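# Fold and geometry: a report
Here are the chains, one letter per residue:
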Amino acid sequence: MKLVAAGLNDWGGVSPVTPDHVNPEMPWPALAKLRENTHAAGKVLVERLAVYPAYCADVARWQDASLVPRVLRRVDAQGFARTDDWSPGQLGPVPQAFDSTAPTAPTGLITATPAKARRAGAELQRIL
């Protein structure tokens, strides 16, 4: 994974559906193997649209107005492709998180904020 170590952060147009038209002599790597190798390099392989996530954050600027609703329906809060139909505000269970290495307990600023609020005399309530 020399490319990842060198700073690669996007595999480009890797697709489980379409053949590689740019370089037909070198077919796409098997996605399971690519995911495994990417994980071994300390990264997570996630889907994205043909639009880079940064451009999904400001769709009004970067997309034709007719495409904005379609793009927004297909991306998550970080601009990556949705892998399920769940969205905030929907009733029903929240899907399992993809990243099993994510912290499960509040850390950093999240734990410091309530203590700071209490020192300032704020009355806090647990809402969950």
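In what follows, the structure referred to is the one given above.
Residues numbered from 1 in each chain as written. Predicted model: local features only at pLDDT ≥ 70, side-chain atom pairs only at ≥ 80, totals over all residues. Heavy atoms only, no water.

### Thoughts on the overall build of the protein
Secondary structure assignment for the protein yields 6 helices and 0 strands. Counting helices and strands in the order they occur from the N terminus, the protein gives α-α-α-α-α-α. Here the protein holds 128 residues, and 13% of them are scored as buried. Of the contacts formed within the protein by residues at least 6 apart in sequence, a portion of 37% connects residues at least 24 apart. (Helix = DSSP H or I, 4+ residues; strand = E, 2+ residues; numbered from the N terminus. Buried < 20%, exposed > 50% of the residue type's maximum accessible area, 1.4 Å probe, protein only. Contact = heavy atoms within 4.5 Å.)

### Considerations on the packing of aromatic side chains
Applying the stated criterion across every chain, the model contains 1 aromatic pair. The interplanar angle of 80° and the centroid separation of 4.7 Å between the aromatic rings of Tyr55 and Trp62 together place this pair among those described as edge-to-face. You can call Trp62 partly exposed: its relative accessible area is 41%. (Phe/Tyr/Trp six-rings, centres within 6.5 Å; stacked < 30°, edge-to-face > 60°.)

### Quick word on a nonpolar patch on the surface
A cluster of nonpolar side chains, Tyr52, Tyr55 and Trp62, forms an exposed patch at the surface whose accessible area comes to about 320 Å². What makes Tyr52 partly exposed here is its relative accessible area of 42%. (Patch = residues over 30% accessible without salt bridge, like charges linked within 9 Å, V, L, I, M, F, W, Y side chains within 5 Å. Areas by Shrake-Rupley, 256 points an atom, 1.4 Å probe, with all protein chains shown as cover. Salt bridge = Lys/Arg side-chain N within 4 Å of Asp/Glu carboxyl O.)

### Let's talk about the layout of surface pockets
Volume-wise, the second largest pocket comes out at about 650 Å³. What lines the second largest pocket is a set of 25 residues, and nearest its centre among them are Trp11, Leu45, Val46, Glu47 and Arg48. If one sorts the elements of the lining of the second largest pocket by residue count, helix H2 (residues 31-40) sits on top with 4 residues. Split by residue class, the lining of the second largest pocket holds 15 nonpolar, 5 polar and 5 charged. (1 Å grid on protein atoms, 1.4 Å probe; cavity = no way out; pocket = protein on both sides within 12 Å on 5 of 7 lines; lining within 4 Å. Points joined across faces, edges and corners; volume = space filled by probe spheres on them. Nonpolar A, V, L, I, M, F, W, Y, C, P; charged D, E, K, R; others polar.)

### A look at the nonpolar core
The nonpolar side chains of soluble globular proteins are, as a tendency, buried together. Core analysis: the largest hydrophobic core is formed by 8 residues, namely Leu49, Val51, Cys56, Val59, Val68, Val71, Val75 and Ala81. Setting aside anything within four residues of it in sequence, one finds Val51 in contact with Cys56 and Gln63. (Core = buried A, V, L, I, M, F, W, Y, C linked by side-chain atoms within 4.5 Å.)

### Some words on the environment of Ala41
Relative to the helices and strands, Ala41 resides in the loop between H2 and helix H3 (53-56). On a C-alpha basis, the gap between Ala41 and Lys2 in space is 8.8 Å, while along the polypeptide they are 39 residues apart.

### Examining the pattern of salt bridges
Throughout the structure, instances matching the rule amount to 2 salt bridges. When the shortest N-O distance is used, the salt bridge between Arg48 and Asp10 registers 2.6 Å. Here Arg48, found in the loop between H2 and H3, pairs with Asp10, found in the loop between helix H1 (2-5) and H2; they are 38 residues apart in sequence, far enough to count as distant. Judged by its relative accessible area of 22%, Arg48 is partly exposed. Under the relative-accessibility criterion, Asp10 is labelled partly exposed at 23%. Across the pair Glu36 and Lys33 runs a salt bridge, and its minimum N-O distance is 3.5 Å. Here Glu36 and its partner Lys33 are both found in helix H2, 3 residues apart, which amounts to about one turn of the helix. Overall, Glu36 belongs to the partly exposed group, its relative accessible area being 48%. The class for Lys33 is partly exposed, based on a relative accessible area of 45%.

### Describing the side chain of Gln63
If you trace the backbone, Gln63 turns up in the loop between helix H4 (59-62) and helix H5 (68-74). Residue classification places Gln63 among the buried positions, given a relative accessible area of 15%. Ignoring anything within four residues of it in the chain, the contact list for Gln63 reads Val51, Val68 and Val71.

Everything listed is a geometric property; what it means functionally is a separate question.
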